Amino acid sequence: MTTLTKQIEKKKKSSGGNMMDNVLEQFNSAAEYIDLHPNIKRILSITNNEIVVHFPVKLDNGEVEIFTGYRVQHNNALGPYKGGLRYHPTVDIDAARALAMWMTWKTSLAGLPYGGGKGGIQLDPSKYSEAELERITRRFTFALADNIGPEHDIPAPDVNTNSQTMAWIADTYMSTRPPAERTANHHVVTGKPDGSGGLEGRDRATGYGVFLSIKFWSERNNETLEGKKFIVQGFGNVGYWVSHFLEQEGAMLVAVQDAFGSIENQKGIKVEDLLNYTKANDGSIVDFPEAKAINKEEFFGVECEILIPAALGNQITERNAHQVKAKLIAEGANGPTNGEGERLLLERGILIIPDILCNSGGVIGSYFEWLQNRNGELWHLDEVMPKLDKKMRESLNKVFEYSEKEGMELRKAAYCIAIKRIEKAYVQRGIFP
Ligand code: NAD
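Residues numbered from 1 in each chain as written. Predicted model: local features only at pLDDT ≥ 70, side-chain atom pairs only at ≥ 80, totals over all residues. Heavy atoms only, no water.

Student: So, the overall build of the protein: which residues are in play, and what are the values?
Tutor: Counting its secondary structure elements, the protein contains 14 helices and 12 strands. Relative to the compact-globule value of 22 Å for 433 residues, the protein shows a C-alpha radius of gyration of 21 Å, a close match. Over its C-alpha atoms, taken along the principal directions, the protein stretches across nearly 60 × 55 × 55 Å. Buried residues in the protein amount to 57% of all 433 residues. Expressed as a percentage of contacts within the protein between residues at least 6 apart in sequence, the contacts between residues at least 24 apart total 68%. Total accessible area computed for the protein in this model is approximately 18,400 Å², and 50% of it derives from carbon and sulfur atoms. Between the mean site of the 50 positive side-chain charges and the mean site of the 57 negative ones, the protein shows a separation of 4 Å. (Helix = DSSP H or I, 4+ residues; strand = E, 2+ residues; numbered from the N terminus. Rg over C-alpha atoms; globule rule 2.2 N^0.38 Å. Buried < 20%, exposed > 50% of the residue type's maximum accessible area, 1.4 Å probe, protein only. Contact = heavy atoms within 4.5 Å. Areas by Shrake-Rupley, 256 points an atom, 1.4 Å probe, with all protein chains shown as cover. Lys, Arg positive; Asp, Glu negative; His and termini not counted. Charge placed at Lys NZ, Arg CZ, Asp CG, Glu CD.)

Encoded structure:
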């Protein structure tokens with residue numbers, strides 16, 4: 001191997017490369033089990049479209065930097081492409097491909113009229129000012145042009161993007177339409193602020209869905225969440241909200257890891273106190289006074305019953321799966337557990353509620369927002385949360401029952417259900433021409 005090839009291989013392994021292996025391994029195993037038609041397997045093993053854009057943005061100091069943005073559209077057999085935009089140094093074409101595939105399975109499993117897509121920009125947002133991030137976002141939207149659209153491909157927030165990012169995208173996209181069509185394009189993104197076409201409750205939808213998954217598990221075991229210890233990797237949108245709801249049910253947060261450090265307190269970390277602390281400290285949990293710092297490597301081995309990865313992919317692997325003390329892993333993040341890590345965990349009898357089920361509350365919330373915009377309606381929090389509850393429980397029931405009936409782990413059960421629904425659409429419609 002040349003040095004350059006080695007560097008590329010190393011980079012792939014550190015970011016999307018592993019995630020792609022992971023999602024394909026999961027897909028192949030389920031496809032084999034349900035005896036998926038080879039033609040449909042071929043279609044689903046590859047992405048429909050991959051858009052890579054390079055675009056210039058003026059920085060605050062007057063210099064111009066060229067950024068690289070991605071949008072991968074995996075499959076749209078069930079409806080428009082749907083999935084988040086991530087701003088992170090690990091975003092590359094492989095990561096976007098893997099994450100887009102996960103979205104296809106997730107939207108199918110949730111019974112939504114969507115396909116799967118994902119994208120983002122390879123950058124570290126902490127290095128840019130708010131004004132620069134706004135210009136980067138708007139210019140990225142302009143570069144994507146008609147590759148996104150309210151009935152074609154609908155982005156949403158993901159790591160390091162939020163409702164503000166979505167407001168900029170919606171505004172830029174709408175501003176580039178003819179005047180009479182502008183407001184009809186409001187639903188080009190979901191996860192907007194609730195004053196700008198966003199859905200009340202979309203902010204907490206993913207974390208609430210993760211919480212409901214954990215609650216569902218405890219109810220099936222005839223237990224309550226009172227006093228149960230949990231740890232969370234990632235204290236952003238998903239990590240915070242799931243902690244918030246678990247604490248309300250009497251569970252206790254005992255350790256947190258974010259991009260900056262890891263902390264533990266076996267007597268409990270107050271979720272709102274930690275949130276207020278991170279708000280005052282550039283989003284970091286480091287030096288939170290009501291907990292002690294621990295080593296990064298110790299985090300997954302912290303004493304607890306529930307582990308919630310809610311940061312990046314490929315975090316629980318053969319390197320650390322043996323340390324895990326939890327009985328339950330509820331995957332808030334996409335692709336946090338790799339194949340080898342999962343095998344070790346399952347051997348030890350640890351239950352994993354898989355990402356495409358566990359964190360699907362976000363895309364269900366996004367669907368509600370899209371419907372609300374499309375129909376010119378405004379839904380309130382007290383109608384949104386019961387609707388979300390109902391849809392999540394339907395999915396949880398389906399997957400737990402299939403897993404029991406077929407004697408397989410939850411992830412494979414979720415994949416089988418998701419892939420069968422897409423297969424049905426292909427069988428009914430045939431392949432053009
Ligand atoms: P976010 O940007 O709000 O928060 C990310 C958190 O992860 C931050 O606390 C950050 O410090 C931490 N983090 C980053 N790198 C880390 C590292 N190397 N080690 C430990 N922590 C690290 O992002 P989010 O929206 O909460 O998304 C988190 C995960 O949930 C992602 O995998 C995302 O794809 C998935 N997800 C998000 C949504 C959603 O609606 N936001 C929906 C479904 C799935």
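Student: Any details on the pairing of strand E6 (residues 229-233)? Residues and values, ideally.
Tutor: A large share of E6 lies buried, amounting to four of its five residues. As judged from the five bridges shared by E6 and strand E7 (residues 252-257), these two strands associate in the parallel manner. Residue pairing across strands places Phe230 opposite Leu253, the latter belonging to E7. In this structure, E6 lies alongside strand E10 (residues 306-309), joined through four bridges in parallel fashion. Looking across to E10, one finds that Val232 is bridged to Ile308. (Pairing = 2+ DSSP bridges.)

Student: For the pattern of salt bridges, give the residues involved together with the corresponding values.
Tutor: One pass over the full model with this rule turns up 27 salt bridges. A salt bridge links Glu369 to Lys192; the shortest N-O distance between them is 2.9 Å. Here the residue Glu369 occupies a position in helix H12 (residues 361-374), and Lys192 occupies one in the loop between helix H6 (163-175) and helix H7 (202-220), the gap between them amounting to 177 residues. The salt bridge partner of Asp355 is Arg411, with a shortest N-O separation of 3.4 Å. One end of the pair, Asp355, is in helix H11 (residues 355-358); the other, Arg411, is in helix H14 (residues 410-429), and 56 residues separate them in sequence. Residue Asp355 shares its accessibility class with Arg411, and that shared class is buried. In this structure, a network of salt bridges that share partners links the residues Lys215, Glu219, Glu249, Asp389 and Arg393. (Salt bridge = Lys/Arg side-chain N within 4 Å of Asp/Glu carboxyl O.)

Student: Break down the sheet that holds strand E12 (residues 351-353) for me, with residues and values.
Tutor: Strand order in the open sheet formed by seven strands is E9-E8-E7-E6-E10-E11-E12, and the pairing between neighbours is mixed. Looking at which strands have only one partner, the edges of the open sheet turn out to be strand E9 (292-294) and E12. On average, adjacent strands in this sheet sit at an angle of 25° to one another, irrespective of strand direction. (Axes fitted to C-alpha atoms, helices over the stretch in contact; angles between N-to-C directions.)

Student: Would you mind going over the domain arrangement of the protein in detail, with residue names and values included?
Tutor: Accessible area lost when the parts come together is the quantity often used to give the size of an interface. Split into domains, the protein comes out as domain 1 (46-182) and domain 2 (204-358). When each unit is reduced to the centre of its C-alpha atoms, the spacing between domain 1 and domain 2 is 27 Å. Between domain 1 and domain 2, the buried area comes to about 730 Å², and carbon and sulfur atoms account for 64% of it. Together, Trp102, Lys106 and Leu109 form the three largest contributors to the area buried by domain 1 at its contact with domain 2, with a combined 57%. On the surface where domain 1 and domain 2 come into contact, there are zero salt bridges. With five residues, helix H4 (residues 93-109) is the largest single contributor of residues to the side of domain 1 that touches domain 2. Each residue belonging to the side of domain 1 that touches domain 2 can be placed in one class, and the counts come to five nonpolar, one polar and four charged. (Domains from an automatic or database assignment. Buried area = accessible area lost by both parts, 1.4 Å probe. Nonpolar A, V, L, I, M, F, W, Y, C, P; charged D, E, K, R; others polar.)

Student: So what's going on with the packing of helix H13 (residues 381-406) against H14? Residues and values would help.
Tutor: Between H13 and H14, the least distance of the axes is 8 Å, while the angle of their chain directions is 110°. As the angle between them shows, H13 and H14 are arranged roughly perpendicular. Crossing of H13 against H14: the hand is right-handed. Contacts between H13 and H14 involve Lys398, Val399, Phe400, Tyr402 and Ser403 on the former and, on the latter, Leu410, Ala413, Ala414, Cys416, Ile417 and Lys420. (Parallel < 35°, antiparallel > 145°, perpendicular 65-115°, else oblique. Left-handed = near helix turned anticlockwise from the far one by under 90°.)

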